[in-house]
Amino acid sequence: MHIRPYTNADLAAVAQLFTDAIHGLAVSHYDAAQRKAWAPQPPDLGIWEARLKPLKVLLAQEAENSDALLGFVGYEEDGHIDLMFSSPLAARRGVASQLLGRAEAALRGLGVAQLYTEASLLGQPFFARQGFTIKEEQHIELRGAQFRRFAMVKAL
């Protein structure tokens, strides 16, 4: 597996991976209306460009010269893990663990003392395995759909 920084040329692939993950991996946790609200099809690249711009984003690929995107993590330099998604074709292969490990190492290097995230129902067990604890359960609305998620933290 090869991990590298995001470039603007990756925009469409990242947006599509996110959409595929929501509509593929989240089926057991979210109904069709929730998935449609969370990840409209096709993805709006203008929204994605604005969403990714303030973040540090790392991508995982099968190999250095491969176009196959396996997953991505997007984080802020204050320790916020904003996005963490794996391709349905790469689920349960350690992609997210390696991406989070790389982001965590970078944030440790900046002197960040705590990571935090808002984990979905699907993501919460992953973050718990990585040492995050639930701070609070949250209920939010997105494009008319209701979602339950968890504010989670991890001391570094």
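Residues numbered from 1 in each chain as written. Predicted model: local features only at pLDDT ≥ 70, side-chain atom pairs only at ≥ 80, totals over all residues. Heavy atoms only, no water.

A cis geometry characterises the amide bond from Q41 onward to P42, with omega recorded as -5 degrees. Tracing the chain through its elements places P42 in the loop between α2 (32-38) and α3 (45-52). One non-glycine residue with positive phi stands out, namely R143, at about 50 degrees. (Helix = DSSP H or I, 4+ residues; strand = E, 2+ residues; numbered from the N terminus.)

Further remarks concern the side chain of S87. Along the chain, the position of S87 falls in the loop between β4 (80-86) and α4 (95-109). A polar contact is formed between the side chain of S87 and the backbone nitrogen of L89, at a distance of 3.1 Å. Apart from the residues within four sequence positions on either side, S87 is in contact with L17, L25, L69, L70 and G71. (Polar contact = N/O pair within 3.5 Å; in protein donor to acceptor, adjacent residues only side chain to side chain. Contact = heavy atoms within 4.5 Å.)

Further remarks concern the nonpolar core. Most often, soluble globular proteins have nonpolar side chains that are buried together. Membership of the largest hydrophobic core comes to 48 residues, with the highest contact counts inside it found for W48, L52, F72, F85 and F127. Take this core: its biggest share by element is seven residues, from helix α1 (residues 11-25). The residues contacting L52, other than those within four sequence positions of it, are Y6, L11, V14, V57 and L83. (Core = buried A, V, L, I, M, F, W, Y, C linked by side-chain atoms within 4.5 Å. Buried < 20%, exposed > 50% of the residue type's maximum accessible area, 1.4 Å probe, protein only.)

Now for the packing of aromatic side chains. Remark: the centre distance and the inter-plane angle together describe each pair of aromatic rings, the angle taken between the planes. For the coordinates displayed, the defined rule picks out eleven aromatic pairs. Geometrically, the ring pair formed by F18 and F85 is edge-to-face, given 4.8 Å between the ring centres and 80 degrees between the ring planes. Here F85 lies in strand β4 and F18 lies in helix α1, a separation of 67 residues in the sequence. For F18, a relative accessible area of 5% corresponds to the buried category. Overall, the relative accessible area of 14% leaves F85 in the buried class. Each ring, one from Y30 and one from W38, has its centre 5.1 Å from the other, and the planes form 70 degrees; the classification is edge-to-face. The exposure class assigned to Y30 is buried, which follows from its relative accessible area of 3%. The buried category is assigned to W38, whose relative accessible area is 18%. (Phe/Tyr/Trp six-rings, centres within 6.5 Å; stacked < 30°, edge-to-face > 60°.)

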